[in-house]
There are 2 protein chains.
Amino acid sequence: MPIKREQAVISVDLGGSKILSAVIGAQGTIIARDLRPTEARRGVEVVFRNVLDSVSAAVIKAELSLKPAALGICVPSIANSNAGIVYHPSNLPGWENVPLGNMLQKATGLKTFVMNDANAAALGELYFGAAIGIRNCVYVTISTGIGGGIIIDGKLYEGHTGLAGEVGHMVVEPHGIPCGCGSSGCWERYASGSAIALKAKTAVNAGKKTNLLKLAGGNVEKIDANLIHAAALQGDKLAKELIAESARYLAIGFGNLINIFNPQMIIVGGGYARMGKVLLQPAFKLAARYSFPEAFAANRFRLAKLGGNSGIRGTAAYVFNELADTRN
Amino acid sequence: MPIKREQAVISVDLGGSKILSAVIGAQGTIIARDLRPTEARRGVEVVFRNVLDSVSAAVIKAELSLKPAALGICVPSIANSNAGIVYHPSNLPGWENVPLGNMLQKATGLKTFVMNDANAAALGELYFGAAIGIRNCVYVTISTGIGGGIIIDGKLYEGHTGLAGEVGHMVVEPHGIPCGCGSSGCWERYASGSAIALKAKTAVNAGKKTNLLKLAGGNVEKIDANLIHAAALQGDKLAKELIAESARYLAIGFGNLINIFNPQMIIVGGGYARMGKVLLQPAFKLAARYSFPEAFAANRFRLAKLGGNSGIRGTAAYVFNELADTRN
C-alpha cells in the first residue's frame, strides 16, 4: 500500500566510496534507503548515473503516492549551495566545477539543493543527534580528511558564498607539508586518519621498531588509523607516540575553534569518533592548553550520534528549511 | 542651553594607556568626549576612579537635560558580557576577574554593559564604518596584539558566553613561543606589532646589519613596528625581511579566517592599518596561498574607517541594540 507523504524529500550523500540515497519525511524519518558503490574512478558520468539509479531505487522502495517535494545532495567538497556547483572533491577524480544542481534538476524535474557533506552532518546532529537544542556549536568530522560545519544561533552558518566551515584547512604548521587544497600545513594534514597512517608508513619504512607491519600482514600499505589504534591498545610504543602526536594537533585545532567561536559544544564525528578513549579524550583535555580557560570551560566535547545517516538526515533538514523559507 | 536627547548613552573605551569616554546619541553621533590617561600601573582602584571621572566629565560637557539611558564600556580583555566580568586584560596590571559591570552600575546608577574592545570596534565598523551593509565579516585589529570581532548575519557574534572572536590566539606555530594568554604559538605572537619589534631587537642585539639602531637613536628599546616600517621604506634589508615574514604570518591567519568563515569582508584596524602598502597589501595577496580560491575570491580586504572612535561608537551601538532587545 503506497504511503501518502505530502512532505517527503529525497536526500543523497555522495561519498568517495558509496552513494547513500533516502526518501525522508518532514520529521526526519527515513522512509526508504538505497546504498550502492560510487565507482568514483569511472568518472563524472558514471557517478552521476549511479546517483540517479540510487535515487530511483530509493523512491521506488518508498512507494510514495505523491511526488517528492525536492532533492538534496551533500558532497565531499566545497560547493556553492546557491549555484549548485561542486568545486573540487578530493576523492571524486575528474570532478571540477561540476554544475551538479542543474544536472540533477534537469534529470529529475525536482528542485535540487547541493551542500557540503560536513555541513549536512552538522545540521543532522543539530536536528536529530548530539546537538539538539544547542545554539552555537562546531561539528568536526575526522576521517581521511577533516571537515567542519558551523552552527550559529541554531542555524547552519554557510558564509558569504556557501563555503564556510573548512576548519580542516586551517594552517597549523606554517612550514608544513602540501595539502590537496593547494595550501600547506593544513590541520587535516596533521590530525586526520590519513595523516597518522602516512606517518606510520614512513616510520615503518625507516625501520622503526613496531608491531604495525606484523599486524598489517607484512604489507605496509595496509597500515591505517584503525590498525594504529589497535596496535596502541596492545601497547605498541610507536603507535602510542603517533597517537599522542595526533592528539596534540587535534588539540591545537580544537583550541583554535574554542578561541574563535566560544562554542557551547564541539561535536566530533567521522571514523576518529570511534577512537575516543585513546585519541579523542586526551585531545579534548589537551585543548585546554591552547584556549582561554573561560572559553574552554564553556565548551563541551561530544561524539556525533547519527553515524552514517548524518549526511542524509542533515541534507533533508536543509531542504525542508529552504522550502519553508521559500514559502514565507 | 542644555541639549535634550531622550536616547543618549555613555560609552567608554578603556585602553591600556588612555580612557576615552563619550556621550553618544542613537544615530551614533558623538555629543561630547573626554580623553585622559588610564594610569594603568596604579592598579584597579585608580583606573576605576579615572573611568568615573572621565564619564562625569563627558556627561557635564554634553549638557544633557535627561539622564543617559545606559552605560557601555569596552575593555582590552576577554570579558563576560552577560555577567559584566573582565577576565584578564594583558595591559591592565592587577585586573583579574574584575566585576566591572556591577561596579559601574553601583557607582553611576546606570544599567551597564561590558564588552571586548575588538568586538566593539567590529560593531562600530559595521554600523558606521567600512562594513556598512555587510552581513558576514571578520574585523581584525593588529597593533601590540591581535584582536577580533565576528559579524554574522549582520550581528555581532559573541559565542556561548560572550568570549568569541579571539582570532589573535589561533595557534599558528605548534612549537611556538609562549603567549600571555597561557597558550603558545598564537597568531599575535608572530604577526603583531610587538612580535615584529621583538624580532628586530633580537636581530639588532645579535649584531645583524641594519639601520634600525641608528634610526632608534642608538637605543634598541626604541625599535617598534613604526620604526621598522620607516626603515623598510628607506630600503633597509633586515626591516624588509622582517616585514615579509610578518606578512606571511598575517596571510596564514587571514587564510584561516577565509576558510573558516567564507566572509564577504575582512576589515583590518589597529596600528598596522597604517602600514598598508608595505605590509598589509602583500599579506592580503599572500592569503590566496592559504585559502580556497573560491572563498578567497569572495572576500574583500578593507581597512577600518573609524580609527580611534571605533570602540566608543561600537559600544554605543551595542548598548542601543541591547536596550531595544529588552524593550521588545
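Not measured: the values here are computed from a predicted model.

Criteria and cut-off values
Residues numbered from 1 in each chain as written. Chains lettered and ligands numbered in written order. Predicted model: local features only at pLDDT ≥ 70, side-chain atom pairs only at ≥ 80, totals over all residues. Helix = DSSP H or I, 4+ residues; strand = E, 2+ residues; numbered from the N terminus. Rg over C-alpha atoms; globule rule 2.2 N^0.38 Å. Buried ≥ 20, exposed ≤ 12 C-beta atoms within 10 Å, placed from the backbone. Domains from an automatic or database assignment. Contact = placed C-beta atoms within 7 Å. Nonpolar A, V, L, I, M, F, W, Y, C, P; charged D, E, K, R; others polar. Least-squares fit on C-alpha atoms with pLDDT ≥ 70 in both. Expected span 1.5 Å × (residues − 1). Pairing = 2+ DSSP bridges. Axes fitted to C-alpha atoms, helices over the stretch in contact; angles between N-to-C directions. Parallel < 35°, antiparallel > 145°, perpendicular 65-115°, else oblique. Left-handed = near helix turned anticlockwise from the far one by under 90°.

**A closer look at the overall build of chain A**
Summing up its helical and strand segments, chain A has 11 helices and 12 strands in all. In terms of C-alpha radius of gyration, chain A reaches 20 Å, essentially the compact-globule figure of 20 Å for 328 residues. Viewed in the frame of its principal axes, chain A has a C-alpha envelope of about 60 × 45 × 35 Å. By the burial criterion, 55% of the 328 residues in chain A qualify as buried.

**Quick look at the domain arrangement of chain A**
Residue and element names in this part refer to chain A. For chain A, the domain assignment lists domain 1 (9–116 + 308–327) and domain 2 (130–304). Relative to domain 2, the C-alpha centre of domain 1 lies at a distance of 27 Å. Facing 9 residues of domain 1, the contacting portion of domain 2 comprises 11 residues. Residue classes in the side of domain 1 that touches domain 2 are distributed as 3 nonpolar, 6 polar and no charged.

**A few points about the environment of A:Ala316**
Residue and element names in this part refer to chain A. Structurally, the position occupied by Ala-316 is in helix α11 (residues 310–327). Sequence separation between Ala-316 and Leu-71 is 245 residues; the distance between their C-alpha atoms is 8.2 Å. Once residues within four sequence positions are removed from consideration, Ala-316 is found in contact with Val-9, Ser-11, Ile-24, Gly-28 and Gly-72.

**Observations regarding the relation of the copies chain B and chain A**
The operation relating chain B to chain A is a screw motion whose rotation component is 180°, with 0.0 Å of axial translation and a residual RMSD of 0.0 Å. Here the transformation between the copies is reduced to the relation of a two-fold axis. When C-alpha positions in chain B are compared against the rotation axis, the closest is assigned to B:Val172, at 2.4 Å. Most of the interface of chain B is mirrored in chain A, where 100% of its interface residues again form contacts.

**Brief notes about helix α5 (residues 193–205) of chain A**
Each full turn of the α-helix corresponds to 3.6 residues, which orients residues three or four apart in the same direction. Residue and element names in this part refer to chain A. Compared with the 18 Å implied by 1.5 Å per residue over 13 residues, the 18 Å span of α5 between its first and last C-alpha is a close match. Considered for burial, the residues of α5 that qualify are Gly-193, Ala-195, Ile-196, Ala-197 and Ala-200. Check the buried side of α5 and you find it contacts β8 (137–142), α4 (188–191), α6 (212–215), α7 (225–233) and α8 (237–261). Count one or two residues on from α5 and you reach Gly-207, which has phi positive near 85°.

**Overview of the pairing of strand β11 (residues 265–269) of chain A**
Residues and elements named next belong to chain A. Within β11, 5 of the 5 residues are buried, which leaves the element mostly enclosed by the surrounding structure. Every second residue of β11 is oriented toward a common face, with Met-265, Ile-267 and Gly-269 on one face and Ile-266 and Val-268 on the other, all of them buried. Pairing analysis gives 5 bridges linking β8 to β11, with the strands arranged parallel. In the sheet register, Thr-141 faces β11, and the bridge partner there is Gly-269. Where β11 meets strand β12 (residues 300–303), 4 bridges bridge the pair, whose relative direction is parallel. Bridged to Met-265 within β12 is Arg-300.

**Considerations on the packing of α8(A) against helix α9 (residues 276–286) of chain A**
Residue and element names in this part refer to chain A. Packing of α8 against α9 leaves a shortest axis separation of 8 Å and a crossing angle of 45°. One element, α8, and the other, α9, form an angle in the oblique class. In this structure, the crossing between α8 and α9 has a hand that is right-handed. Across the interface between the two elements, Ile-243, Ser-246, Ala-247, Arg-248, Leu-250, Ala-251 and Phe-254 of α8 pack against Val-278, Leu-279, Pro-282, Ala-283 and Leu-286 of α9. A per-class count over the contact of α8 with α9 returns 10 nonpolar, 1 polar and 1 charged.

**Some thoughts on the sheet that holds β8(A)**
Residue and element names in this part refer to chain A. Spatially, β10-β9-β8-β11-β12 is the arrangement adopted by the 5 strands of the open sheet, whose pairing is mixed. This sheet does not close on itself; its edge strands, each paired only once, are β10 (155–157) and β12. Neighbouring strand axes in the sheet, compared pairwise and without regard to direction, differ in orientation by 30° on average.

**Re α8(A)**
All names here are of chain A. Here α8 is 25 residues long and its end C-alpha atoms lie 36 Å apart, about the 36 Å a rise of 1.5 Å per residue gives. Counting buried positions over the 25 residues of α8 gives 18, a clear majority of the element. Looking one or two residues beyond α8, the residue adopting positive phi is Asn-262, at roughly 45°.

**Structural notes on the packing of helix α7 (residues 225–233) of chain B against helix α8 (residues 237–261) of chain B**
Residue and element names in this part refer to chain B. At a minimum axis separation of 8 Å, α7 and α8 run at an interaxial angle of 115°. Two packed elements cross with a definite hand, and for α7 against α8 that hand is left-handed. Residue-level contacts link Ile-228, Ala-231 and Ala-232 of α7 to Ala-239, Lys-240, Leu-242 and Ile-243 of α8. Residues that form the contact of α7 with α8 fall into these classes: 6 nonpolar, no polar and 1 charged.

**Quick word on the environment of B:Asp34**
All names here are of chain B. For Asp-34, the location among the structural elements is in strand β3 (residues 30–37). Owing to 20 C-beta atoms within 10 Å, Asp-34 belongs among the buried residues under this scheme. Separated by 15 residues in the primary sequence, Asp-34 and Ile-19 place their C-alpha atoms 8.0 Å from one another.

**A word on the interface of chain B and chain A**
Counting from both sides, the interface comprises 37 residues of chain B and, opposite them, 37 residues of chain A. Secondary-structure elements contributing two or more residues to the side of chain B that touches chain A are α8 and α10 (293–298) of chain B. In terms of residues, the side of chain B that touches chain A owes the most to one element, α8(B), which gives 7 residues. Class assignment for the residues of the side of chain B that touches chain A results in 21 nonpolar, 12 polar and 4 charged.

**Let's talk about the sheet that holds strand β1 (residues 9–14) of chain B**
All names here are of chain B. Taken in spatial order, the 5 strands line up as β3-β2-β1-β4-β7 in an open sheet, and their pairing is mixed. Looking at the sheet topology across the chains shown, the edges are occupied by β3 and β7 (112–116). Recorded for the sheet is a direction-independent mean angle of 15° between the axes of neighbouring strands. Helix-sheet contacts for helix α2 (residues 100–108) involve β4 (71–75) and β7, and the interaxial angle to β7 is about 145°. Docked against the sheet, helix α3 (residues 117–128) engages β1, β4 and β7, running at close to 95° with respect to β7.

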